[in-house]
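Letter by letter, the chains look like this.
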Amino acid sequence: MTYSSYGKKTQLNNLNLFYYLNAFLLIVDYIMPQYFGLHIGYDLTCTRLGVLLILIYMILNPRLFTHFCTTIAQCKLVIPIAAYLFVCGYTMVFRADINAFFMVFFEIITMFMLIYGIRYVIGVEKAILWAVRSAYFFGFLGLVDYACGQSLMLKFLKTVPTAVGNSYRSGQYRIMGPCGHPLGYGLYLILLIPLICIDLEKNEVFIFKRPFLLLLLILNVFLTGSRSTLGIVVLELFLILLCSNVINIKKTFLGLAVTVAALGIFLLFFHGTEIGKYILMQLASLVDQIFGTEFAISFGAQVERLEDSEEYRKMLPLIFKLDWLNPWIGRGVSRGFSAEINGVFIQSIDNYYVSQYIKYAYPGLVTYGFIILSTVGMMIKAIYRHRSPILKMTAVGVVCYYINLWWVDALQTLKYTYIVIAIFYVCYTELEEERALRCAVDQR
């Protein structure tokens, strides 16, 4: 069974105001940075504003609110999410840290509202098409930011207090899109790339469905300066290839040959330019990381800094062995963290799972792990049953995102993966309902 309802209408799309509120929430969730909004004792970002407006609308329409609550209660992820929120709740109480609960709560309620909005108001296809348009926007913006040597979003849209700043490495600016750090933007790109490979009209997966956009996003990956992102994207493209049919696999190999040739010609003529050197440096850094070589130094990479970064990350898992960290009650999100391990001073936690342990201890790490495992398990089951390209590509994006979190913190990008999970869940739910309906008809 496949998801073949391209362009179909949703059940509540005749509620114009409700449609625009849900469209506002999804679009700003895609494109607006966390540092844009109103600071009124707390940061009222565009996403939070969208959530509050939809919540007010539903409260004023009790039947709609009841329907929303019923839909969420039936969500297959509600039990592990409730367990995780319970841990966040008691952490808030014991650490007197209100953000320990409400920052997570707003992210979760946003995901549930996206599930409801995409299913009953916006539709899966439109949600994917808006993701594609966002990808075009940020793909071009990344090139402009790199040329300007700074983030234009940060320059013009910073309206709330933030520690976000422009990032540079080896003398080159590292683009960060709508995120607060280049590594965060890398995580966002990991989620976007599979979505642009969905051919909604033909209901299939094809890496070069949008070849120009794909090359644009891969170039953005290089310009983030993130070796882990580049490595994960290579894995991601391989997984997308495995999800393609035989004809598209052949087309993909042809496209890859053309792409490699085009990249080779570009580097042949522009290897002496700033962007040429930067691309070569990122490729060399990835090769160095895999084979232990030092080619990147030939292209201006600060090898000592890269090696320090590698050694720093090796120390992070040792945080689990610190006896002064309470293994049952975390430190919350408002307290800073620092430690000296084997002579290395640890302050920045470039590993989401270690960060979860620090904030919410083992109960938080385990319950969030259940959320991840439940999501991935549901995705595997859904793909086995339905073979839908939407299910496959959302699964590839989410799995690769969570893999990359071993090398980076989430950096306020969980909202993006929750969009993709919402798209997946709505598609899966509708396919299951269609399957049940067909079975009922067949039994008659």
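I will try to describe carefully the structure that is included in this document. None of the values given here were measured: they were computed from a predicted structure.

Secondary structure assignment for the protein yields 16 helices and eight strands. For 444 residues, the compact-globule estimate of 2.2 N^0.38 gives 22 Å, and the protein sits close to it at 22 Å. Taken along the three principal axes of its C-alpha coordinates, the protein extends 70 × 55 × 40 Å. Within the span of the protein, comprising 444 residues, buried residues form 54% of the whole. Charge-centre separation for the protein: the mean point of 35 positive side chains lies 8 Å from the mean point of 27 negative side chains.

Moving on, we come to unusual backbone geometry. Positioned with a positive phi, Ala-96 is a non-glycine residue whose angle comes to about 50°. Along the chain, the position of Ala-96 falls in the loop between helix 4 (78-95) and helix 5 (99-122). Ala-96 sits in the exposed class, given a relative accessible area of 71%. We note that Asn-342 has phi near 50°; this positive angle belongs to a residue other than glycine. One can find Asn-342 in the loop between strand 7 (339-341) and strand 8 (344-346).

With that out of the way, let us pick up the pattern of salt bridges. With the rule as written, the count across this model stands at six salt bridges. Of the charged contacts, one joins Lys-209 and Asp-199 as a salt bridge, the two residues approaching to 3.6 Å between their closest N and O atoms. With a gap of ten residues between them, Lys-209 in the loop between strand 6 (204-205) and helix 9 (211-224) and Asp-199 in strand 5 (residues 198-199) connect regions that are remote in the sequence. Overall, Lys-209 belongs to the partly exposed group, its relative accessible area being 27%. In this structure, Arg-438 engages Glu-434 in a salt bridge whose closest nitrogen and oxygen atoms are separated by 2.7 Å.

Ile-319 and Tyr-402 are the most contacted members of the largest nonpolar core, which totals 146 residues. The element that contributes the greatest number of residues to this core is helix 5, accounting for 15 residues. Sequence-distant contacts of Ile-319, defined by excluding residues within four places in its chain, comprise Leu-325, Phe-337, Ile-341, Ile-346, Ile-349, Val-354, Tyr-357 and Ile-358.

Now for helix 4. Taking 1.5 Å of rise per residue, the 18 residues of helix 4 would be expected to cover 26 Å, and the 25 Å separating its terminal C-alpha atoms lies within 8% of that figure. By the burial criterion, the buried members of helix 4 are Pro-80, Ile-81, Tyr-84, Leu-85, Val-87, Cys-88, Gly-89, Tyr-90 and Thr-91. For helix 4, the secondary structure elements touched by its buried residues are helix 5 and helix 14 (352-386). Backbone geometry just after helix 4 places Ala-96 at a positive phi near 50°.

Scanning the model with the defined rule gives 29 aromatic pairs in all. Ring centres of Tyr-357 and Tyr-362 lie 4.7 Å apart, and the angle between their planes is 55°; on these two criteria the pair is classed as tilted. A residue is classified by how much of its surface remains accessible, and Tyr-357, at 3% relative accessible area, is buried. Ring geometry for Tyr-401 against Tyr-402: centres 5.4 Å apart, planes inclined by 85°, an arrangement best described as edge-to-face. As far as burial versus exposure is concerned, Tyr-401 and Tyr-402 are alike and both buried. Lying over the aromatic face of Phe-156, Lys-155 brings its terminal NZ or CZ to 5.7 Å of the ring centre. One Lys or Arg, Lys-251, reaches over the ring of Phe-206 and ends 5.8 Å from the middle of that ring.

At a minimum axis separation of 9 Å, helix 8 (residues 182-195) and helix 16 (residues 414-443) run at an interaxial angle of 25°. When the axis of helix 8 is compared with that of helix 16, the two are roughly parallel. Both helix 8 and helix 16 take part in a crossing whose hand is left-handed. Where helix 8 approaches helix 16, its residues Tyr-188, Leu-191 and Leu-195 are matched on the opposing element by Tyr-416, Thr-417 and Val-420. Residues belonging to the contact of helix 8 with helix 16 are distributed by class as follows: five nonpolar, one polar and no charged.

Calculation notes
- Residues numbered from 1 in each chain as written.
- Predicted model: local features only at pLDDT ≥ 70, side-chain atom pairs only at ≥ 80, totals over all residues.
- Heavy atoms only, no water.
- Helix = DSSP H or I, 4+ residues; strand = E, 2+ residues; numbered from the N terminus.
- Rg over C-alpha atoms; globule rule 2.2 N^0.38 Å.
- Buried < 20%, exposed > 50% of the residue type's maximum accessible area, 1.4 Å probe, protein only.
- Lys, Arg positive; Asp, Glu negative; His and termini not counted.
- Charge placed at Lys NZ, Arg CZ, Asp CG, Glu CD.
- Salt bridge = Lys/Arg side-chain N within 4 Å of Asp/Glu carboxyl O.
- Core = buried A, V, L, I, M, F, W, Y, C linked by side-chain atoms within 4.5 Å.
- Contact = heavy atoms within 4.5 Å.
- Expected span 1.5 Å × (residues − 1).
- Phe/Tyr/Trp six-rings, centres within 6.5 Å; stacked < 30°, edge-to-face > 60°.
- Lys NZ or Arg CZ within 6 Å of the ring centre and 35° of its normal.
- Axes fitted to C-alpha atoms, helices over the stretch in contact; angles between N-to-C directions.
- Parallel < 35°, antiparallel > 145°, perpendicular 65-115°, else oblique.
- Left-handed = near helix turned anticlockwise from the far one by under 90°.
- Nonpolar A, V, L, I, M, F, W, Y, C, P; charged D, E, K, R; others polar.

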